[in-house]
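So you can see what is in the structure, the chains are spelled out below.
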Amino acid sequence: RVPIVSALGAGGKIDPTKVTFGDISETEMDPMAEFIRRRLKKQFGIESGIGCVFSTERPNYNAIKESDSSMYKRSYYGTVSYMP
């Protein structure tokens, strides 16, 4: 067994008091976590047992920026290496 901890999406989120650690099955308000949960279940039959850092804050969808569609991306949240 290999220990795994995942850091999930923080795009459109700014409240550091909402950041928490828990099992991937406990994530909420995180579209990236939802995608990963579905993929883990479909490909590997894994529904829980993976620790992750995530925010329970609802994403601010007004923070989405349109891109020039290069690299097949229509939009992005912007990238920062921290939460204020």
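Residues numbered from 1 in each chain as written. Predicted model: local features only at pLDDT ≥ 70, side-chain atom pairs only at ≥ 80, totals over all residues. Heavy atoms only, no water.

Asker: Describe the overall build of the protein chain, naming the residues involved and giving the relevant values.
Answerer: Across its full length, the protein chain carries 1 helix and 5 strands. Starting at the N terminus, the α and β elements of the protein chain follow one another as β-β-α-β-β-β. Put simply, the protein chain has 84 residues, and 23% of those count as buried. Here the contacts in the protein chain between residues at least 6 apart in sequence split such that 66% fall between residues at least 24 apart. (Helix = DSSP H or I, 4+ residues; strand = E, 2+ residues; numbered from the N terminus. Buried < 20%, exposed > 50% of the residue type's maximum accessible area, 1.4 Å probe, protein only. Contact = heavy atoms within 4.5 Å.)

Asker: Please set out the side chain of Asp-30 residue by residue, giving values where relevant.
Answerer: Within the secondary structure layout, Asp-30 lies in the loop between strand E2 (19–23) and helix H1 (31–44). This buried residue, Asp-30, is left without a salt bridge; Lys-13 holds the nearest opposite charge, at 4.1 Å. Within polar-contact distance, the side chain of Asp-30 engages the backbone nitrogen of Met-32 at 3.0 Å. Not counting residues up to four positions away in its chain, the partners in contact with Asp-30 are Leu-8, Gly-9, Lys-13 and Phe-54. (Lys, Arg positive; Asp, Glu negative; His and termini not counted. Salt bridge = Lys/Arg side-chain N within 4 Å of Asp/Glu carboxyl O. Polar contact = N/O pair within 3.5 Å; in protein donor to acceptor, adjacent residues only side chain to side chain.)

Asker: Residues and numbers for H1, please.
Answerer: Think of an α-helix as 3.6 residues a turn; residues three or four steps apart then line up on the same face. Its 14 residues give H1 an end-to-end C-alpha distance of 20 Å, which sits within 8% of 20 Å, the value for a rise of 1.5 Å per residue. Sitting at the head of H1, Asp-30 places a side-chain oxygen 3.0 Å from the backbone nitrogen of Met-32. Phi turns positive, to about 70°, at Gly-45, one or two residues after H1. (Expected span 1.5 Å × (residues − 1).)

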